[in-house]
Amino acid sequence: MSSVPVAVVTGSNKGIGFAIVRALCKQFPGDVYLTARDPDRGQKAVAKLQEEGLRALFHQLDIDDLQSIRALRDFLKEKYGGLNVLINNAGIAFKVHDTTPFAIQAEVTLKTNFFGTRNVCTELLPLMKPYGKVVNVSSMVSSSALGGCSRELQQKFRSDTITEDELVELMTKFVEDTKKSVHEKEGWPNTAYGVSKIGVTVLSRIQARMLNEKRKGDHILLNACCPGWVRTDMAGPKATKSPDEGAETPVYLALLPSDADGPHGQFLSNKTVRTW
Ligand code: NAP
């Protein structure tokens, strides 16, 4: 078994994830795994970094596919005996003018951004080694979407006692409410992406709390962050940050020094803790 530290970035064949891998290849003292749902796109991305003189390793990972997540889990367990850095970056967004019915957009978006990310956490968090770092890439849109929720929902999403099961129930309810066209009446904002990222931010707060309760002595730091508005296929060419700039906050959180006792359980943008 290798004692080399290991970092994994989900959805890293392009965009911000690719830039995160590039930065980690330069700064992380260990093996860095670029993962992609499509092995061909993933291997091409690894080759591109190789041309830059950087060495990333590849492993397939489709966060919508539990078998794929478990295959990565087993690989990490066997080869490294765990994991030092996990960056949950993979995500999707429908374009603003997409005509897909809202209920379908809600189901598809939540499936990857919330349920897929949660499944990765469920399988990989138990592998995190002491002093490990977990970064969940959310969005400032989670904050604006929270502001668009009913007062009752806001209270639940800001609660310091909400459980993961309760959060899953709420995310499931959102999808069901969109199918019945009652989501606005039920206090939800009109954004599937926004609700999915509320899920990611709140999940991060819950997971950090669980780490405090169950693994306090392991000094694992877990946070959610927004990369900013970044020029990728998702956000388009008018966005203000380059992918390398978008990678800065996630990489900062992934490389917090081992004697840091925070941030933990926070939501950050531009390396700054934001009020949730
Ligand atoms: P992007 O260029 O569209 O890249 C998204 C990445 O996620 C791609 O590698 C994609 O793979 C992968 N992915 C999607 N579904 C996946 C799945 N089921 N399993 C594994 N990988 C999957 O988007 P981006 O702008 O870099 O976004 C990265 C993250 O930042 C997302 O979580 C996004 O919500 C967040 N974010 C972005 C912005 C922004 O302005 N760009 C702002 C706030 C937050 P394929 O190539 O196979 O599709």
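Residues numbered from 1 in each chain as written. Predicted model: local features only at pLDDT ≥ 70, side-chain atom pairs only at ≥ 80, totals over all residues. Heavy atoms only, no water.

For the protein, an unreviewed UniProt entry supplies the name carbonyl reductase (NADPH) and the organism Herpetotheres cachinnans. The heading Sequence similarities (unreviewed entry) in the UniProt record of the protein holds the text "Belongs to the short-chain dehydrogenases/reductases (SDR) family." Recorded in UniProt for the protein, the comment headed Subcellular location (unreviewed entry) runs: "Cytoplasm". (UniProt positions renumbered as here; feature names shortened; annotations may be inferred.)

Caption draft 1: Local environment of the pairing of strand β4 (residues 83-88). Burial of β4 is extensive: six of the six residues sit out of reach of the surface. Of the strand pairs in this sheet, strand β1 (residues 6-9) and β4 are connected by three bridges, and their pairing is parallel. Within the sheet, the bridge partner assigned to Ala7 lies in β4 and is Val85. Direction of pairing for β4 relative to strand β5 (residues 128-137): parallel, over a ladder of five bridges. Counted as the bridge partner of Leu83 is Met128 from β5. A crossover connection joins β4 to the parallel β5 through helix α4 (residues 102-124); in handedness this β-α-β unit is right-handed. (Buried < 20%, exposed > 50% of the residue type's maximum accessible area, 1.4 Å probe, protein only. Helix = DSSP H or I, 4+ residues; strand = E, 2+ residues; numbered from the N terminus. Pairing = 2+ DSSP bridges. Right-handed = clockwise from strand over helix to strand, strands pointing away.)

Caption draft 2: Spatial organisation of the sheet that holds strand β8 (residues 272-274). Judged by pairing direction, the sheet is mixed, and its eight strands sit side by side in the order β3-β2-β1-β4-β5-β6-β7-β8 without closing on themselves. Looking at strand neighbours, the two that pair on one side only are β3 (57-60) and β8, the edges of this open sheet. Averaged over all pairs of adjacent strands, the angle between their axes in this sheet comes to 30°, without regard to strand direction. Across four bridges, the pairing between β1 and strand β2 (residues 31-36) is parallel. Bridging across to β2, Ala7 finds its partner in Val32. Running at roughly 140° to β3, helix α3 (residues 66-80) makes contact with β1, β2, β3, β4 and β5 of the sheet. (Axes fitted to C-alpha atoms, helices over the stretch in contact; angles between N-to-C directions. Contact = heavy atoms within 4.5 Å.)

Caption draft 3: Main features of the packing of aromatic side chains. Tallied over the full model, the rule gives eight aromatic pairs. Summarising the aromatic geometry, the rings of Phe157 and Trp188 are spaced 6.0 Å apart at their centres and angled 50° between planes, so their arrangement reads as tilted. Placement of the pair is Phe157 in helix α6 (residues 151-158) and Trp188 in the loop between α7 (164-179) and α8 (192-214), with a sequence separation of 31 residues. The two residues Phe157 and Trp188 agree in class, both being buried. (Phe/Tyr/Trp six-rings, centres within 6.5 Å; stacked < 30°, edge-to-face > 60°.)

Caption draft 4: Structural detail: the packing of α6 against α7. Between α6 and α7, the shortest axis-to-axis distance is 11 Å and the interhelical angle comes to 145°. Classified by chirality, the crossing of α7 by α6 is left-handed. Counting all contacts with α6, which are made through Leu153, Lys156 and Phe157, the residues of α7 involved are Leu167, Leu170 and Met171. Tallied by class, residues from the contact of α6 with α7 come to five nonpolar, no polar and one charged. (Left-handed = near helix turned anticlockwise from the far one by under 90°. Nonpolar A, V, L, I, M, F, W, Y, C, P; charged D, E, K, R; others polar.)

Caption draft 5: Spatial organisation of the side chain of Ser196. Locating Ser196 in the fold gives a position in helix α8. In this structure Ser196 comes out as buried when scored by relative accessible area, which is 0%. A polar side-chain atom of Ser196 sits 3.1 Å from a polar atom in the side chain of Asn113. Ignoring sequence-local partners within four residues, the contact set of Ser196 consists of Thr109, Leu110, Asn113 and Phe114. (Polar contact = N/O pair within 3.5 Å; in protein donor to acceptor, adjacent residues only side chain to side chain.)

Caption draft 6: Expanded view of the packing of α7 against α8. Running from N to C, α7 and α8 cross one another at 175°; their axes reach a closest spacing of 10 Å. Between α7 and α8, the crossing angle belongs to the class labelled roughly antiparallel. Residues Glu164, Leu167, Met171 and Phe174 of α7 lie in contact with α8, whose contacting residues are Ala192, Val195, Gly199, Val202, Leu203 and Ile206. Class assignment of the residues belonging to the contact of α7 with α8 gives a composition of eight nonpolar, one polar and one charged. (Parallel < 35°, antiparallel > 145°, perpendicular 65-115°, else oblique.)

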